[in-house]
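One letter stands for each residue in the lines below.
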Amino acid sequence: MLSQVARDLLERRYRLLLSWRDKAAALRDRTRSSREFDLPPGMPPEGADEWFDAQSAASAAALAEMRASLANRREAAQDRVRVAVYRQKRLPDRVAEGKIGAAEANNENRALSAEIEEQGALANLCNQLLGTDSPAELGGRIDLPLPRYEKELNRFALPGKDGGAPPHPEKIYDTPREKVPPAALRGRRPPRFPALTRTDRRTLLLAVVATLCVAGFAAHRMFFSGEVRFDLLAGPGGVWRLVCDNDSPREIFVQCGQAPAGGGVRPHTVTLELGAEDGSGFTLFTVPERVWVWRGPGGGEGTVRAVPARMKGEWTLNLNHLSPPEARGVLRVRAATPTGRLLLEETIPLSPSAPAEPPTGKN
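Because the structure is predicted, anything quoted here is derived from the model rather than measured.

## Side note on the overall build of the protein
For step 1, the next point in the chain: Scanning the protein from terminus to terminus reveals 6 helices and 11 strands.
For step 2, the next point in the chain: Counting over 363 residues, the protein shows a buried share of 37%.
For step 3, the next point in the chain: Looking at the protein alone, contacts between residues at least 24 apart form 66% of all its contacts between residues at least 6 apart.
For step 4, the next point in the chain: Only carbon and sulfur atoms are counted for the fraction: they give 54% of the accessible area of the protein, which is about 20900 Å².

Below, the structure written as structure tokens:
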């Protein structure tokens, strides 16, 4: 069956592209007022019209490219379903011809059924997205500063253009085969352990060395390498998602807010800072409860949470519960290691009419 990760990847990317296209067109046509962070840093206001035209063209081209990719993926998935169905129908004949045994046929039938279900789900998803032309049909428009869309799209890059279409089913079993009795097939089988030539021994040795190298790399990756990453993802209604990806081989602790960790734990820290509208004068902002909410086991608020090795942890950042001393300004979200090394920095503009706007910044 199509995994939820693959489904979310396709849907999120398509929704981002639709949102980018709609916002660029609205700013270009002036049906929506532009804001300072809708322009690249340092761009004078006089270049806004040209920038909005370029963004509208770029978003339309990127959307057209993904539509073509979805169409190719749909066609490839449908071809794989046809191939799998054809092979399933051939299984009884292959058993009768003595080409495979009953147990092998059962195993192949299960694998083909799984392939049919998975590729059918992928074809249906691609078809559904191709019939969607509004982000409202996928959960609503993702409102980001205009320069941020391309950066967000890189996070949800697709692994290929069309997934590689398989050959047509009629091209696989189109050669007539002579039926051979099972006894004759057994007589044709080579010796169980044939003598190895020098080339065979060399090939076998290279295969063993390659296997050991792969195993060594996997062991090093499992026990010694990896890093910790943080992402702040846009959400509707002033609620954001903070994701911690602990790809290291050790358990880590993460503290959101300014309450003391206690117990001698040295956690990674996530803090909020309030600054002026021009991005200066940031000061630490003590937040009330329910601003940071842990989404893992146990739920609820929490000062310090453990994220196991090779696992992810997630919090929601609810800006609706903030009461900043100033109605204007920007909110800066920073994540750092226990030694103070900065891993993420995002700024979220605040306005008098809304708790927060989508973030700008670097990570």
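## Comments concerning the pairing of strand S4 (residues 268-275)
Consecutive residues of a regular strand have side chains that alternate between opposite faces of the sheet.
For step 1, the next point in the chain: Of all 8 residues that make up S4, 7 are buried, and the element is covered over most of its length.
For step 2, the next point in the chain: As paired strands, strand S3 (residues 252-256) and S4 are joined by 3 bridges and run parallel to one another. Residue pairing in the sheet places Gln255 in a bridge with Thr269 of S4.
For step 3, the next point in the chain: Two strands pair when backbone bridges link them, and S4 and strand S9 (residues 329-336) are joined in this way by 7 bridges, in the antiparallel orientation. Bridge assignment links Leu272 to a residue of S9, and that residue is Val333.
For step 4, the next point in the chain: By the bridge criterion, 2 bridges tie S4 to strand S5 (residues 283-284) in an arrangement that is antiparallel. For Glu273, the partnering residue across the bridge sits in S5 and is Leu284.

## Focus: the packing of helix H1 (residues 4-28) against helix H3 (residues 102-130)
For step 1, the next point in the chain: Between H1 and H3, whose axes approach to 11 Å, the crossing angle comes to 10°. Here H3 runs roughly parallel to H1, going by the angle between their axes. Crossing of H1 against H3: the hand is right-handed. Side by side, H1 and H3 meet where Arg7, Leu10, Glu11 and Tyr14 of the first sit next to Leu122, Leu125, Gln128, Leu129 and Leu130 of the second.
For step 2, the next point in the chain: Class assignment of the residues belonging to the contact of H1 with H3 gives a composition of 6 nonpolar, 1 polar and 2 charged.

## Focus: the packing of H1 against helix H2 (residues 48-96)
For step 1, the next point in the chain: In contact at an axis separation of 8 Å, H1 and H2 are set at 150° when each is read in the N-to-C sense. When the axis of H1 is compared with that of H2, the two are roughly antiparallel. In the crossing of H1 with H2, the sense of the turn from one axis to the other is left-handed. Residues Leu10, Arg13, Tyr14, Leu17, Leu18, Trp20, Arg21, Ala24, Ala25, Leu27 and Arg28 of H1 touch H2, and the partners they reach there are Phe52, Asp53, Gln55, Ser56, Ala58, Ser59, Ala62, Leu63, Met66, Arg67 and Leu70.

Cut-offs applied
Residues numbered from 1 in each chain as written. Predicted model: local features only at pLDDT ≥ 70, side-chain atom pairs only at ≥ 80, totals over all residues. Heavy atoms only, no water. Helix = DSSP H or I, 4+ residues; strand = E, 2+ residues; numbered from the N terminus. Buried < 20%, exposed > 50% of the residue type's maximum accessible area, 1.4 Å probe, protein only. Contact = heavy atoms within 4.5 Å. Areas by Shrake-Rupley, 256 points an atom, 1.4 Å probe, with all protein chains shown as cover. Pairing = 2+ DSSP bridges. Axes fitted to C-alpha atoms, helices over the stretch in contact; angles between N-to-C directions. Parallel < 35°, antiparallel > 145°, perpendicular 65-115°, else oblique. Left-handed = near helix turned anticlockwise from the far one by under 90°. Nonpolar A, V, L, I, M, F, W, Y, C, P; charged D, E, K, R; others polar.

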